[in-house]
Amino acid sequence: MRRLLLFLLIGILCLGTGFSANITIPGFDLTTYIFGNNGEMIMITDSEMDILIEGGYKFGGRISFGFDGFLTLPGEYIPPPPLPPPLPSSGTISMPLSFKAAELMVRDIGGIGLDFSYFIGESSYLCYGDDFNEYFGTTMLESTYTPPPIINLAAPFSFIEYRGIHRINGTGVKLTYVPDEAIFGLEYFLYQDHNFKISESYGVNGGTTIILNSSIDYLDTGWYGTDLRLFLNFENIKIEAFGGGSIDSGSGTGYFRFGSLFFASAGPFDFLLEAGIPWLDPLAIGGLEMWFILFETRIAAGPITITPTVFAHPATYMHNYTATETNVIDFSLDIAVNNPRKDFISFGLETTWSTSYLLFSSTPGWVLYGSPYITLATPGVSWEIKARSTVWDSTMASFDFGNYLTSIQGVVSIRAVF
């Protein structure tokens, strides 16, 4: 049924080509992580591509495709006949291109600037900053900081991509009101909430765990969500705020969420603050672990760009609880020669001190990462090549050069804007 619906949507959108529709690819992201395992080189690639179909002034649509890496972790499973041969102890396979989202929209209903959309799959990221560029034509506001991924082959692979405080993901409708030449905008979402995942990984006997493409996760579709957000776009100040919640249609159990984004520019200084609670259980109010807090300052000092970032991880993100993220706070300092966002070539060093229970334990855990990098800003495409490694951690009595070498991970990020 889902496949039939997808083909139906694609067919409807493609019909627009006969009516002066424009088909473009507004963005294409590729990120590859390279690391070693038992003498082998493992690569995990994550990609996202949008295909935008615009059907003239009144009607439009969007289809999004992507794929995730496929990783088999150590520990072979020997199945009895006549099952297939055992899985390899390690390896990586590129998954096929898969459907991620589709959206149909009707613009300017009643001539008052109100747009109506029906969407399936991943929609907007709230308090991330990217929608200011789409609605108001601003420069890039969002933070480029990404926490070091947890790549531990003795345990299930873990990687959380943080983009704002909440993501709209499901099947529903959206109302958008952003008047031309205005300094404000409003969005309202009502949807079946697909952020509630029943399972993300599948284990088999012998210790092998397979991380599968996110598009085939089983979803608890009995949940429904609603969110309202506001944009304010002044010349040197940008503000976004949202509030919403989700409810289980069977039990009546509900959770709330809220957050805000504040961006200010003052000459060579930029300030970015994202703060909110992605998951608020009214029957179990917690502490700092509930909060998503990211504060970043960008300082342009001549040819040097200095970017300190503080990021408090939320224990529950996209409705999924992650014990390893509870009370984790990152302190990052990025020093670059030239501006990675503007100049053709830049290079620098990002150091990140990632702490665990820093405010709640006399012996907190911590890891110090060092990441030299080089970036290229070619027309339409930005490139970043980074070597990330563990310099020191709280379990080491002293610096271990051997551990430093074996912990090196390569990261290659490519972002194209057409």
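See the structure above.
Here the structure is a predicted model, which is why all the values come from computation and not from measurement. (Residues numbered from 1 in each chain as written. Predicted model: local features only at pLDDT ≥ 70, side-chain atom pairs only at ≥ 80, totals over all residues. Heavy atoms only, no water.)

Caption draft 1: Representation of the overall build of the protein within the structure. Per the secondary structure count, the protein includes three helices and 26 strands. Here the protein, with 418 residues, has 44% of them falling under the buried criterion. Across the protein, every contact between residues at least 6 apart in sequence was considered, and the portion connecting residues at least 24 apart equals 58%. In the structure as shown, the protein presents an accessible area of about 21000 Å², 66% of it carried by carbon and sulfur atoms. (Helix = DSSP H or I, 4+ residues; strand = E, 2+ residues; numbered from the N terminus. Buried < 20%, exposed > 50% of the residue type's maximum accessible area, 1.4 Å probe, protein only. Contact = heavy atoms within 4.5 Å. Areas by Shrake-Rupley, 256 points an atom, 1.4 Å probe, with all protein chains shown as cover.)

Caption draft 2: Local environment of the pairing of strand E9 (residues 184–193). As paired elements, strand E8 (residues 166–177) and E9 share eight bridges and run antiparallel to each other. Its bridge partner being in E9, Val 173 is matched across the sheet by Leu 190. Here E8 folds back onto E9, and the loop between the two strands holds six residues, one of which, Glu 181, carries a positive phi near 60°. (Pairing = 2+ DSSP bridges.)

Caption draft 3: Region of the structure containing the nonpolar core. Judged by nonpolar contacts, the single largest core of 25 residues is most densely connected at Phe 132, Ile 168, Phe 189, Leu 261, Phe 292 and Phe 311. Among the elements of the structure, strand E7 (114–126), helix H2 (131–136), E9, strand E16 (254–266) and strand E18 (292–301) are those that each provide at least two residues to this core. In terms of residue count, the dominant contributor to this core is E7 (three residues). Setting aside its immediate chain neighbours within four residues, Phe 292 contacts Tyr 162, Gly 164, Ile 165, Glu 274, Ala 275, Gly 276, Pro 278, Phe 311, Ala 312, Pro 314 and Tyr 317. (Core = buried A, V, L, I, M, F, W, Y, C linked by side-chain atoms within 4.5 Å.)

Caption draft 4: Region of interest: the packing of aromatic side chains. Per the stated rule, a full pass over the model turns up 18 aromatic pairs. Here the aromatic rings of Phe 258 and Trp 291 are separated by 6.0 Å at their centres, their planes lie at 85°, and the arrangement is edge-to-face. Here Phe 258 is found in strand E16, whereas its partner Trp 291 is found in the loop between strand E17 (269–280) and E18, with 33 residues between them in sequence. Residue Phe 258 is classed as partly exposed on the basis of its relative accessible area, which comes to 35%. Following the ring pairs from residue to residue traces out a cluster consisting of Phe 132, Tyr 135, Phe 136 and Phe 231. Lying over the aromatic face of Tyr 125, Arg 163 brings its terminal NZ or CZ to 5.4 Å of the ring centre. Here Lys 386 stacks its cationic end above the ring of Tyr 373, 6.0 Å away from the centre of that ring. (Phe/Tyr/Trp six-rings, centres within 6.5 Å; stacked < 30°, edge-to-face > 60°. Lys NZ or Arg CZ within 6 Å of the ring centre and 35° of its normal.)

Caption draft 5: Region of interest: the pattern of salt bridges. The tally for this structure, following the rule as stated, stands at 14 salt bridges. Linking Asp 29 and Arg 415 is a salt bridge whose minimum nitrogen-to-oxygen distance equals 3.9 Å. Residue Asp 29 is found in strand E1 (residues 22–37), and its partner Arg 415 is found in strand E26 (residues 409–416); the two are separated by 386 residues along the sequence. For Arg 415, a relative accessible area of 34% gives the class partly exposed. Here Asp 131 and Arg 229 are joined by a salt bridge, their closest N and O atoms 2.3 Å apart. Here Asp 131 is found in helix H2, whereas its partner Arg 229 is found in strand E14 (residues 223–233), with 98 residues between them in sequence. (Salt bridge = Lys/Arg side-chain N within 4 Å of Asp/Glu carboxyl O.)

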